Amino acid sequence: MPGQGSTSKWPLVQFILLAVIWGASFLFIAVGLQGLSPAQVVLGRLCAGTVALAAISLATRQKLPREPAVWAHLGVVSVLLCVVPFLLFAWAEQDIASGLASIYNATTPLMTTLVALVALPQERPGKLRLFGLLAGFLGVLVVLGPWNGAGGGSLAAQGACLLATACYGLGFVYLRRFISPRGLSSLSVATVQVGLGAVIMLVLAPWIATGPIQLSPQIVASILVLGMVGTGLAYVWNTNLVAAWGAANASAVTYLTPIVGVSLGVLLLAEPVTWNQPVGALIVVAGIAISQGRLDALGRWRRKAADRRGAAAPAGRD
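The notes below deal with the structure included here. Please read these numbers as outputs of a predicted model, since none were measured by experiment. (Residues numbered from 1 in each chain as written. Predicted model: local features only at pLDDT ≥ 70, side-chain atom pairs only at ≥ 80, totals over all residues. Heavy atoms only, no water.)

## Overview of helix 11 (residues 257-269)
Argument step 1. When the terminal C-alpha atoms of helix 11 are compared, their 17 Å separation across 13 residues agrees well with the 18 Å that a helix rising 1.5 Å per residue should span.
Argument step 2. Two residues or fewer after helix 11 comes Ala270, characterised by a positive phi angle close to 55 degrees. (Helix = DSSP H or I, 4+ residues; strand = E, 2+ residues; numbered from the N terminus. Expected span 1.5 Å × (residues − 1).)

Laid out in structure tokens, this is it:
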């Protein structure tokens, strides 16, 4: 039926858009850094994202939460999911390629699982998922390439990327414990979260967002797309995907963003790529798949397919 076909195609379009925009975010950060400081990039990103989410909230007549406790919790979430990791990634990209930063960003599910091991005992994974966690961090070690003797600013920048994804892990677990049980609208949570991040950056701007500003059409466009699309519209697409496909299937976009990030960095910024970076990224993705139980789901799917084929086969003669 036409209606059914359209609803199945639209989430797929949003999935592709999410992979592209989130993978390209690190390219936009790199372009923004050509005329702005890291803090200025984050300030512009959060302000643009706030404008986009506020406009969507107004258009959909979305009500924001009123409880002071919710705003306090969302303030913590904003620091952990927006302000600190955005600053760390922007600072790191002064020394490392945008594609490498996108690879490290793919470790977010691993960091979330690691934090959940401590903070959410009821969600502790089994042995297979622990193996996936270890495999993922082995992939991180391969990406680091200690045999290359990386040191100085590059090593510090890579550490900053990992610290940023650790913040994401803390933020997601905090969100799960203190916000998710309240049953609030995802759009209202995102609007407050990003808006509070913008307010925090505006308060800190006189001290950390200093330095000369050299704007160009490319830099302005990068910051606007990074904020309004990557931090605004992309969140709406992700919410639609979760509703259409479920959280587990929607989270598979994490597997594609490093591919997009590395490809764009090589094609548009002529960034170098060493052999260990894509190999390590593949190990990280495999570790994520195991730690999220995707191999279990694949095994169940194959068993069901085999059962269907067995049921459809004609009975043999004695």
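## Things to note about the side chain of Ser37
Argument step 1. Relative to the assigned elements, Ser37 resides in the loop between helix 1 (2-32) and helix 2 (38-59).
Argument step 2. For Ser37, a relative accessible area of 16% corresponds to the buried category.
Argument step 3. Setting aside anything within four residues of it in sequence, one finds Ser37 in contact with Ile208, Ala209 and Thr210. (Buried < 20%, exposed > 50% of the residue type's maximum accessible area, 1.4 Å probe, protein only. Contact = heavy atoms within 4.5 Å.)

## Some points on the packing of helix 2 against helix 8 (residues 186-208)
Argument step 1. Closest axis-to-axis distance for the helix 2/helix 8 pair is 8 Å, and the angle between their directions is 150 degrees. By the angle between their directions, the pair helix 2 and helix 8 is classed as roughly antiparallel. Our pair here, helix 2 against helix 8, has a crossing hand that is left-handed. Here Ala39, Val42, Leu43, Leu46, Cys47, Gly49, Thr50, Leu53, Ala54, Ile56 and Ser57 of helix 2 come into contact with helix 8, specifically with Leu187, Ala190, Thr191, Val194, Gly195, Gly197, Ala198, Met201, Leu202, Ala205 and Ile208.
Argument step 2. Along the lines of polarity and charge, the residues of the contact of helix 2 with helix 8 split into 16 nonpolar, 6 polar and no charged. (Axes fitted to C-alpha atoms, helices over the stretch in contact; angles between N-to-C directions. Parallel < 35°, antiparallel > 145°, perpendicular 65-115°, else oblique. Left-handed = near helix turned anticlockwise from the far one by under 90°. Nonpolar A, V, L, I, M, F, W, Y, C, P; charged D, E, K, R; others polar.)

## A word on the nonpolar core
Argument step 1. Within the largest apolar cluster, 71 residues are counted, with the highest numbers of intra-cluster contacts made by Leu46, Leu74, Phe89, Ile96, Tyr104, Cys161 and Met201.
Argument step 2. In terms of residues, this core owes the most to one element, helix 3 (residues 68-92), which gives 11 residues.
Argument step 3. When sequence neighbours within four positions are dropped, the list of residues in contact with Cys161 reads Phe89, Ala92, Ile96, Ala101 and Tyr104. (Core = buried A, V, L, I, M, F, W, Y, C linked by side-chain atoms within 4.5 Å.)

## Notes on the packing of aromatic side chains
Argument step 1. Inspection of the entire model under this criterion finds 4 aromatic pairs.
Argument step 2. With 5.3 Å between their ring centres and 75 degrees between their planes, Phe26 and Phe89 make a pair best called edge-to-face. Of this pair, Phe26 sits in helix 1 while Phe89 sits in helix 3, placing them 63 residues apart in sequence. Of the two residues examined, Phe26 and Phe89, each falls in the buried class.
Argument step 3. Cluster of aromatic residues (ring-pair linked, three or more members): Phe26, Phe89, Tyr168 and Phe172.
Argument step 4. The side chain of Arg45 reaches across the aromatic face of Phe86, ending 3.6 Å from its centre. (Phe/Tyr/Trp six-rings, centres within 6.5 Å; stacked < 30°, edge-to-face > 60°. Lys NZ or Arg CZ within 6 Å of the ring centre and 35° of its normal.)

## Some points on the packing of helix 4 (residues 98-105) against helix 11
Argument step 1. Contact geometry of helix 4 with helix 11 gives a least axis separation of 7 Å together with a crossing angle of 175 degrees. In terms of orientation, helix 4 lies roughly antiparallel with respect to helix 11. Contacts between helix 4 and helix 11 involve Ser98, Gly99, Ser102 and Ile103 from the first element and Thr257, Pro258, Gly261, Val262, Gly265 and Leu269 from the second.
Argument step 2. Taken together, the residues of the contact of helix 4 with helix 11 break down into 4 nonpolar, 6 polar and no charged.

## Some thoughts on empty space enclosed by the protein
Argument step 1. Under the defined criterion, the tally for this structure stands at 1 cavity of 30 Å³ or more.
Argument step 2. Computed from the structure, the largest cavity encloses a volume of approximately 40 Å³.
Argument step 3. Forming the walls of the largest cavity are Ala97, Gly99, Leu100, Val262, Val266, Glu271, Pro272, Val273 and Gln277.
Argument step 4. Going through the elements one at a time, helix 4 and helix 11 are the ones with two or more residues in the lining of the largest cavity. (1 Å grid on protein atoms, 1.4 Å probe; cavity = no way out; pocket = protein on both sides within 12 Å on 5 of 7 lines; lining within 4 Å. Points joined across faces, edges and corners; volume = space filled by probe spheres on them.)

## Some details on a nonpolar patch on the surface
Argument step 1. A cluster of nonpolar side chains, contributed by Val51, Ile213, Leu215, Val220, Leu224 and Met228, occupies part of the molecular surface with about 520 Å² of accessible area.
Argument step 2. Here the nonpolar patch gets 3 residues from one element, more than from any other, and that element is helix 9 (residues 217-245).
Argument step 3. By secondary structure assignment, the location of Ile213 is in the loop between helix 8 and helix 9. (Patch = residues over 30% accessible without salt bridge, like charges linked within 9 Å, V, L, I, M, F, W, Y side chains within 5 Å. Areas by Shrake-Rupley, 256 points an atom, 1.4 Å probe, with all protein chains shown as cover. Salt bridge = Lys/Arg side-chain N within 4 Å of Asp/Glu carboxyl O.)

## Remarks on helix 5 (residues 108-119)
Side chains that are three or four residues apart share a direction in an α-helix, a result of its 3.6 residues per turn.
Argument step 1. Compared with an ideal rise of 1.5 Å per residue, which puts 12 residues at 16 Å, helix 5 spans 16 Å between its outermost C-alpha atoms and is within 8% of the ideal.
Argument step 2. Judged by how many residues are buried, helix 5 sits mostly within the fold: 9 of 12 residues are covered.
Argument step 3. All of the buried residues in helix 5 are Thr108, Pro109, Leu110, Met111, Thr112, Thr113, Val115, Ala116 and Leu117.

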